[in-house]
Amino acid sequence: MTLPITEDSGPAADRPPARLALTGDVARPARMSVDDLLAWPQHHVRVSFECATSGTRHHRFTGPLLHTVLSAAGPGFDPARRKDRLRFLIAVHGTDGHRVLLSWAEIDPDFGRAPVLLGVSIDGVPLDRTGPQLVLPQDR
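Engineer: Describe the layout of surface pockets, with residues and values.
Structural biologist: If you roll a probe as big as a water molecule over the atoms, it shows you where there is empty space left. By volume, the largest pocket is sized at about 740 Å³. Lining the largest pocket are 24 residues, and of these Asp96, His98, Gln133, Leu134 and Val135 sit closest to its centre. Elements with a minimum of two residues in the lining of the largest pocket: strand S4 (43–51), strand S5 (55–63), strand S7 (99–103) and strand S11 (133–135). Here the lining of the largest pocket is built from residues that sort into 12 nonpolar, eight polar and four charged.

Have a look at this one:
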């Protein structure tokens, strides 16, 4: 399963909002904007991370849980078979060039239960033009 977050080129005011694309081994591929993600239950997390250029940064993100959104897309495993979920990987490609690989077990409530969000706002500012951000609160 891949989650590329895409954005069209051009001046910010002229281009459409960035969208999250749910593709790969899913039954229901989809493209979602921040507005679409606002329809899901929202969670709030405070994160701190070390920035190489500006030191420790603190932010508050809001958004739906990645697990909730991906579960609705119908991942290509049998959810009733606990170990079948362990082989599933999630690849995320951001418009900024960052790439992340997660295992389903990390976000699954029966295993790691990591509260990974698809951030739709940062510090109260909507991310509707730049698109959702993958937020892993446990990372530094």
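Engineer: Please give an account of the packing of aromatic side chains that cites residues and values.
Structural biologist: Under the counting rule described, the total for this entry stands at three aromatic pairs. When the centroid spacing of 5.0 Å and the interplanar angle of 70 degrees are considered together, the rings of Phe77 and Phe88 count as edge-to-face. Taken as a pair, Phe77 in the loop between helix H2 (66–72) and strand S6 (89–93) and Phe88 in the loop between H2 and S6 lie far apart in primary sequence, 11 residues in all. The interplanar angle of 65 degrees and the centroid separation of 5.1 Å between the aromatic rings of Phe77 and Trp104 together place this pair among those described as edge-to-face. Taken together, the residues span a long stretch of sequence, with Phe77 in the loop between H2 and S6 and Trp104 in helix H3 (residues 104–107) at a distance of 27 residues. The structure contains a cluster of three or more aromatic residues connected by ring pairs, namely Phe77, Phe88 and Trp104.

About the thresholds
- Residues numbered from 1 in each chain as written.
- Predicted model: local features only at pLDDT ≥ 70, side-chain atom pairs only at ≥ 80, totals over all residues.
- Heavy atoms only, no water.
- 1 Å grid on protein atoms, 1.4 Å probe; cavity = no way out; pocket = protein on both sides within 12 Å on 5 of 7 lines; lining within 4 Å.
- Points joined across faces, edges and corners; volume = space filled by probe spheres on them.
- Helix = DSSP H or I, 4+ residues; strand = E, 2+ residues; numbered from the N terminus.
- Nonpolar A, V, L, I, M, F, W, Y, C, P; charged D, E, K, R; others polar.
- Phe/Tyr/Trp six-rings, centres within 6.5 Å; stacked < 30°, edge-to-face > 60°.

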